[in-house]
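# Per-entry structural report
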Amino acid sequence: MDRREFAKLSAFALAWTGLPSYAQIPALSHNPVGYAAIGLGSISDIFMRACAQSQTAKVTALVTGHPDTKGAKYAAMYGIPKTSIYTYETFDRILDNKDVDAVYVGLPNSMHCEYTVRAAQAAKHVLCEKPMAVSSRECRQMIDACRQARVKLMIGYRVHYDPTWLQAIQILASGEIGQLQSFQGGFFAQLPAGAWRLTRKLGGGGALMDLGIYPLNAIRHIAAEEPTDFTAVLATRDRGGRFSEVEQSMEWTMKFPSGIVASCGCSYGQRGPSFLTLNGEKGYLVMEPAFNYDGVHLRGEAGGRPIDQPGAGKLPFQFTLEAEHFASCIRNNTQPESPGEEGLKDMLAIEAIYKAAGAPIA
Ligand code: NDP
């Protein structure tokens, strides 16, 4: 690691001492940031629970295709007035809702761009789920729309806010594992037939777009440089029709200008660990599970001593920290730690990986 990389990592690790962001800005608790949750599926459900545990972030509006059922249920749960339930058709009227500072985009991947652009045009800040969109062209469109509207754009890379991840980054920055040499990472799941994630129209791609993005983003973020050389192999072993539109599995390698190499895998059709390994010249760190909602476990050897650190915090704490970080950025006019540009860089790498595998790109 050169001095510039070290300084960047140190500053970031020091900025995050594990304290929730609202502790640094107590005045915010009297003026919580109001979020509109768009798309009331599984991740929005977690996000709304996360905000309910926060003093600085609050869900104040809902956008849904099912206003009378899901909309009414969540409105009752979180004390949201009926007038603040929107459909996809009436969404743009959110411009007039003074209780909404920002939107949380929890929609299928191919809808992120449209709703980010429409939210920006309605003068609302945007916290958008990963993957940011389904192409680098869309990512650039989102960044431009937010810049023009002078609203902030953050991508929901929740592990950036997890204290165990921050501890790993701090150990690396301390020099205790020496110069970073390589990474290995993976994220695997079994997806049921019929899921929107298995369609190109809504998913934009398969396991890489949805799961592989976790090790990809973590490695780019920690290495603090952009990969330039890729090899990739795409494989579909299940011939039952589940993977007629998107890949089942992807294995890839990336090389960075410094010489750091990374080897990663992901799949929609197998069970496997969610893990990330950082190998240094003097020690190593392993996170397993790495990308789960809680229970991130850090092990390894650093400074000549063993490390075994079970993660602190329970679901939905990563989402609370994420929602509060963006709330702090909005109230203090600071830049999010995981801005739209971070989502764009991942998408450029995803396109390079698909290209290296000889696969079609969205
Ligand atoms: P879900 O299918 O659970 O929810 C998506 C919601 O979007 C639906 O409930 C629906 O809400 C709305 N929607 C609008 N149009 C459609 C459509 N054509 N098909 C399906 N849903 C539609 O998905 P998830 O919550 O799991 O994922 C949403 C996003 O969050 C994805 O981009 C995913 O990658 C990301 N994600 C991030 C995670 C993280 O850890 N950061 C983890 C899981 C997902 P309604 O009925 O209210 O209209």
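Everything numeric in this text was worked out from a predicted model, so none of it was measured. (Residues numbered from 1 in each chain as written. Predicted model: local features only at pLDDT ≥ 70, side-chain atom pairs only at ≥ 80, totals over all residues. Heavy atoms only, no water.)

## Some points on empty space enclosed by the protein
Throughout the structure, instances matching the rule amount to three cavities of 30 Å³ or more. As for the largest cavity, its lining consists of Lys130, Gly156, Tyr157, Arg158, Val159, His160, Tyr214 and Asn217. Of the residues belonging to the lining of the largest cavity, the class tally is three nonpolar, three polar and two charged. (1 Å grid on protein atoms, 1.4 Å probe; cavity = no way out; pocket = protein on both sides within 12 Å on 5 of 7 lines; lining within 4 Å. Points joined across faces, edges and corners; volume = space filled by probe spheres on them. Nonpolar A, V, L, I, M, F, W, Y, C, P; charged D, E, K, R; others polar.)

## Points about the nonpolar core
One finds Trp165, Phe183, Trp252, Leu276 and Leu278 to be the most contacted residues of the largest nonpolar core, which totals 83 residues. Per element, the largest residue contribution to this core is 11 residues, and it comes from helix H8 (residues 207–223). Three or more residues apiece are contributed to this core by two domains, here domain 1 (3–158) and domain 2 (175–311 + 340–356). For tryptophan 165, the residues in contact, after removing those within four places along its chain, are Val159, Ala218, Ile222, Leu276, Met287, Ala290, Phe291 and Val296. By size, the runner-up hydrophobic cluster in this structure holds 31 residues, among which are Tyr35, Leu62, Ile85 and Tyr104. (Core = buried A, V, L, I, M, F, W, Y, C linked by side-chain atoms within 4.5 Å. Buried < 20%, exposed > 50% of the residue type's maximum accessible area, 1.4 Å probe, protein only. Helix = DSSP H or I, 4+ residues; strand = E, 2+ residues; numbered from the N terminus. Domains from an automatic or database assignment. Contact = heavy atoms within 4.5 Å.)

## Focus on the packing of helix H5 (residues 136–149) against helix H10 (residues 340–357)
For the pair H5 and H10, interaxial distance at closest approach is 9 Å and the crossing angle is 170 degrees. Taken together, the axes of H5 and H10 lie roughly antiparallel to each other. Residues Ser136, Cys139, Arg140, Ile143 and Arg147 of H5 form the contact with H10, whose participating residues are Gly340, Glu341, Gly343, Leu344, Met347, Leu348 and Glu351. Of the residues in the contact of H5 with H10, the class split is five nonpolar, three polar and four charged. (Axes fitted to C-alpha atoms, helices over the stretch in contact; angles between N-to-C directions. Parallel < 35°, antiparallel > 145°, perpendicular 65-115°, else oblique.)

## Focus: the domain arrangement of the chain
Split by domain assignment, the chain resolves into domain 1 (3–158) and domain 2 (175–311 + 340–356). Domain 1 and domain 2 are separated by 25 Å when their C-alpha centres are compared. The interface of domain 1 with domain 2 comprises 24 residues on the first partner and 27 residues on the second. When the two sides are added together, the surface that domain 1 and domain 2 hide from each other amounts to roughly 2200 Å², 60% of it contributed by carbon and sulfur. Counting the surface domain 1 buries against domain 2, the share from its top three residues, Lys130, Tyr157 and Arg158, is 27%. Our count for the contact surface shared by domain 1 and domain 2 stands at two salt bridges. Across the pair lysine 130 and aspartate 210 runs a salt bridge, and its minimum N-O distance is 2.9 Å. In this structure, the connection of domain 1 to domain 2 is made through 11 residue pairs in polar contact (both at pLDDT 80 or more). Contributing elements (two or more residues each) for the side of domain 1 that touches domain 2: helix H1 (3–15), helix H2 (42–52), H5 and strand E6 (153–155). (Buried area = accessible area lost by both parts, 1.4 Å probe. Salt bridge = Lys/Arg side-chain N within 4 Å of Asp/Glu carboxyl O. Polar contact = N/O pair within 3.5 Å; in protein donor to acceptor, adjacent residues only side chain to side chain.)

## Focus on the site of the ligand
Close to the ligand lie 28 residues, the nearest being Thr64, Lys70, Tyr88, Asn109 and Arg158. Contact distances for the ligand include 2.9 Å between an oxygen atom and a backbone N or O atom of leucine 40. Glutamate 129 is positioned with one of its side-chain polar atoms (N or O) 2.8 Å from a nitrogen atom of the ligand. Burial of the ligand by the protein chains amounts to 82% of its free accessible area of 880 Å². Of the pockets mapped on this structure, the ligand occupies the largest pocket. Sorting the residues of the shell around the ligand by element identifies H2 and H8 as the ones contributing at least two each. Here the residues of the shell around the ligand are counted per class, giving 12 nonpolar, 10 polar and six charged. Two domains each donate at least three residues to the shell around the ligand, and these are domain 1 (3–158) and domain 2 (175–311 + 340–356). (Near = heavy atom within 4 Å. Areas by Shrake-Rupley, 256 points an atom, 1.4 Å probe, with all protein chains shown as cover. Sits in = over half its atoms within 2 Å of the grid points.)

## A look at the packing of helix H4 (residues 112–121) against H5
Contact geometry for H4 and H5: axes closest at 9 Å, N-to-C directions at 10 degrees. Regarding the angle of H4 to H5, the classification is roughly parallel. Between H4, through His112, Cys113, Thr116, Val117 and Ala120, and H5, the contact on the second element is made entirely by Glu138, Gln141, Met142, Ala145, Cys146 and Ala149. Broken down by class, the residue content of the contact of H4 with H5 amounts to seven nonpolar, three polar and one charged.

## Observations regarding the packing of aromatic side chains
This structure, assessed with the given rule, holds 10 aromatic pairs. Arranged with centres 5.0 Å apart and planes meeting at 90 degrees, the rings of tyrosine 35 and phenylalanine 47 form a pair that is edge-to-face. Of this pair, tyrosine 35 sits in strand E1 (residues 33–38) while phenylalanine 47 sits in helix H2, and the two are 12 residues apart along the sequence. Each member of the aromatic cluster is reached from another via a ring pair, and the members are Trp165, Phe187, Tyr214 and Phe291. A cation over an aromatic ring shows up here: lysine 73 above the ring of tyrosine 74, its NZ or CZ 4.6 Å from the ring centre. (Phe/Tyr/Trp six-rings, centres within 6.5 Å; stacked < 30°, edge-to-face > 60°. Lys NZ or Arg CZ within 6 Å of the ring centre and 35° of its normal.)

## Some details on the sheet that holds strand E3 (residues 85–86)
Pairing is parallel across the open sheet formed by six strands, whose spatial order is E3-E2-E1-E4-E5-E6. Taken across any chain shown, the strands that pair with only one partner, and hence form the sheet edges, are E3 and E6. With six bridges joining them, E1 and strand E2 (residues 57–63) adopt parallel strand pairing. From the neighbouring strand, glycine 34 faces E2, where its bridge partner is lysine 58. Across the sheet, helix H9 (residues 317–332) is in contact with E1, E2, strand E4 (102–105), strand E5 (125–128) and E6; its angle to E1 comes to roughly 125 degrees. (Pairing = 2+ DSSP bridges.)

## Focus on the sheet that holds strand E7 (residues 180–188)
The strand order E8-E9-E10-E7-E11-E12-E13-E14 describes an open sheet built from eight strands, whose pairing is mixed. Strands with a single pairing partner mark the edges of an open sheet, and in this sheet they are strand E8 (229–235) and strand E14 (305–310). For this sheet, the mean inter-axis angle between neighbouring strands, taken without regard to orientation, is 5 degrees. As paired strands, E7 and strand E11 (residues 275–280) are joined by six bridges and run antiparallel to one another. Following the sheet pairing, serine 182 is matched in E11 by asparagine 279. Packing against the sheet, helix H6 (residues 163–174) makes contact with E7, E11, strand E12 (284–287), strand E13 (297–302) and E14, and its axis sits at approximately 10 degrees to E13. With respect to the sheet, H8 is in contact with E7, strand E9 (249–255), strand E10 (261–267) and E11, its orientation differing from that of E7 by roughly 160 degrees.

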